[in-house]
Amino acid sequence: MTTPSPGISGIRTRGLRRSFGPVPAVVDVTFDAPAGGITGLVGPNGSGKTTLLLMLAGLLRPDAGNAWVGSYHISSQAAQARAATGWMPDVSGTWDALTCAEILTFFGRAYRMDPMLTAWRVQSLLDTMYLTEFKDAPARVLSRGQKQRLGLARALIHDPQVLLLDEPAAGLDPRSRIELRDLLRSLAASGKTILLSSHVLAEMDGIIDSVVFLSAGRSVDPSTTGAALAAQTWRLGATDQAGLTKFLDDHSIGWQPSTTRSGEVTVQLPSDQDAAALLRDLVGAGVGIHTVAPSGGRLEDAYLALNEERV
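One structure accompanies this document, and this report is about it. (Residues numbered from 1 in each chain as written. Predicted model: local features only at pLDDT ≥ 70, side-chain atom pairs only at ≥ 80, totals over all residues. Heavy atoms only, no water.)

A tally of helices and strands in the protein yields eleven helices and 14 strands. Taking all 311 residues of the protein together, the buried fraction comes to 48%. Within the protein, residue pairs in contact and separated by at least 24 positions form 73% of the contacts whose partners lie at least 6 positions apart. As displayed, the protein offers around 15200 Å² of accessible surface, 53% of which is attributable to carbon and sulfur atoms. (Helix = DSSP H or I, 4+ residues; strand = E, 2+ residues; numbered from the N terminus. Buried < 20%, exposed > 50% of the residue type's maximum accessible area, 1.4 Å probe, protein only. Contact = heavy atoms within 4.5 Å. Areas by Shrake-Rupley, 256 points an atom, 1.4 Å probe, with all protein chains shown as cover.)

In this section: the environment of Arg 154. Examined against the element boundaries, Arg 154 turns out to sit in helix H5 (residues 144–156). Sequence separation between Arg 154 and Leu 125 is 29 residues; the distance between their C-alpha atoms is 8.7 Å.

Here we take up the nonpolar core. Soluble globular proteins tend to pack their nonpolar side chains together in the buried interior. With 42 residues, the main nonpolar core has Ile 38, Leu 152, Leu 165, Leu 184 and Ile 194 as its most contacted residues. Apart from residues lying up to four places away in sequence, Ile 38 is in contact with Leu 184, Arg 185, Ala 188, Ile 194, Leu 196, Ile 207, Ile 208, Asp 209 and Ser 210. Among the nonpolar cores identified, the runner-up in size contains 23 residues, and Phe 31, Ala 33, Met 55 and Ala 67 belong to it. (Core = buried A, V, L, I, M, F, W, Y, C linked by side-chain atoms within 4.5 Å.)

Spatially, E12-E13-E11-E14 is the arrangement adopted by the four strands of the open sheet, whose pairing is antiparallel. The strands lining the two open edges of the sheet, one partner per strand, are strand E12 (256–257) and strand E14 (289–294). In terms of strand pairing, strand E11 (residues 232–238) meets E14 through five bridges, oriented antiparallel. Within E14, the position partnered with Trp 234 by the bridge is Pro 294. (Pairing = 2+ DSSP bridges.)

This brings us to the pattern of salt bridges. Per the stated rule, a full pass over the model turns up nine salt bridges. Two residues, Arg 181 and Asp 182, come together in a salt bridge whose shortest N-O distance is 3.5 Å. Here Asp 182 falls in the partly exposed class, since its relative accessible area comes to 42%. The network of salt bridges with common partners includes Arg 12, Arg 14 and Asp 32. (Salt bridge = Lys/Arg side-chain N within 4 Å of Asp/Glu carboxyl O.)

Counted residue by residue, helix H1 (residues 49–56) has six buried out of eight residues, so it is predominantly covered. All of the buried residues in H1 are Lys 49, Thr 51, Leu 52, Leu 53, Met 55 and Leu 56. Following H1 by one or two positions, Gly 58 adopts a phi angle in the positive range, close to 80°.

So, about the environment of Arg 61. For Arg 61, the location among the structural elements is in the loop between H1 and strand E4 (64–69). When the C-alpha atoms of Arg 61 and Arg 18 are compared, they prove to be 7.8 Å apart, with 43 residues separating the residues in sequence. In contact with Arg 61, other than residues within four places in its own chain, are Arg 18 and Ser 75.

Here we take up a nonpolar patch on the surface. A surface patch of nonpolar side chains, about 290 Å² in accessible area, is lined by Trp 95, Leu 98 and Phe 106. Relative to the elements of secondary structure, Trp 95 occurs in the loop between strand E6 (85–88) and helix H3 (100–110). For Trp 95, a relative accessible area of 42% gives the class partly exposed. (Patch = residues over 30% accessible without salt bridge, like charges linked within 9 Å, V, L, I, M, F, W, Y side chains within 5 Å.)

To continue, consider the environment of Val 292. In this fold, Val 292 is placed in strand E14. A residue is classified by how much of its surface remains accessible, and Val 292, at 30% relative accessible area, is partly exposed. For Val 292 and Ala 276, which are 16 residues apart along the polypeptide, the C-alpha to C-alpha distance reads 9.1 Å.

So, in structure tokens, the structure goes:
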């Protein structure tokens, strides 16, 4: 019997499992991704991220467990769930002989959209993705980054409630990455649910509202990574290195030699406010501090804190 819908508009999974023959890909995944937010999906190669996304997109049936997207059960309400979902895979296949407008129009028709609405959405998305000049050009002339933008437009054509994005920034230049970030934040602010998978943790750090870690096909207990996500590693550099290290020792602030820059040390602090207080105290003590900067993102620290499998 299918578990009743929990009445949410985001994503909810409970005990999802999927194997390929004797090989388990997703063993036990349970998490919530709320509407109106961007949830990061983080894990090493082989941890089950793509298999999980394929199940949520309705392209693979789970062996066990339950999941809802946009309040629809992915198995018992498969058609409604797919209609509520926009799926952008890591590699978006295109029909190279078709134009950008023809590709988007085809998907609009596949979702049974009104022809006039489809035409309006096609033009609007081509404008949003800076592809208007390629409207009537065959997809084969697009660069890798332009094809990525076309793939995102394809996922958005039917204005879905839920977006599943697998490495959406791959191949994008710096300006396009910034524009993608701004677009996703705007979509989340409008109430959409976004599940974003990426290996570029530094970029995810500045955009996501919450994170799900996968390891060996399992969702990691948030308490395992909570401390690392709450803390931040900072780089400290001073003209008086001995004075800096003496201050840190005297105030029982643990430090390590920096592995990235000569003459710097790293410290882990619970919050940005603690970093500001430390800087104030260093200046007040007359330490010639010249560098106070994050050493890495919180996601990166949390990821490295896990005893992850390596592939």
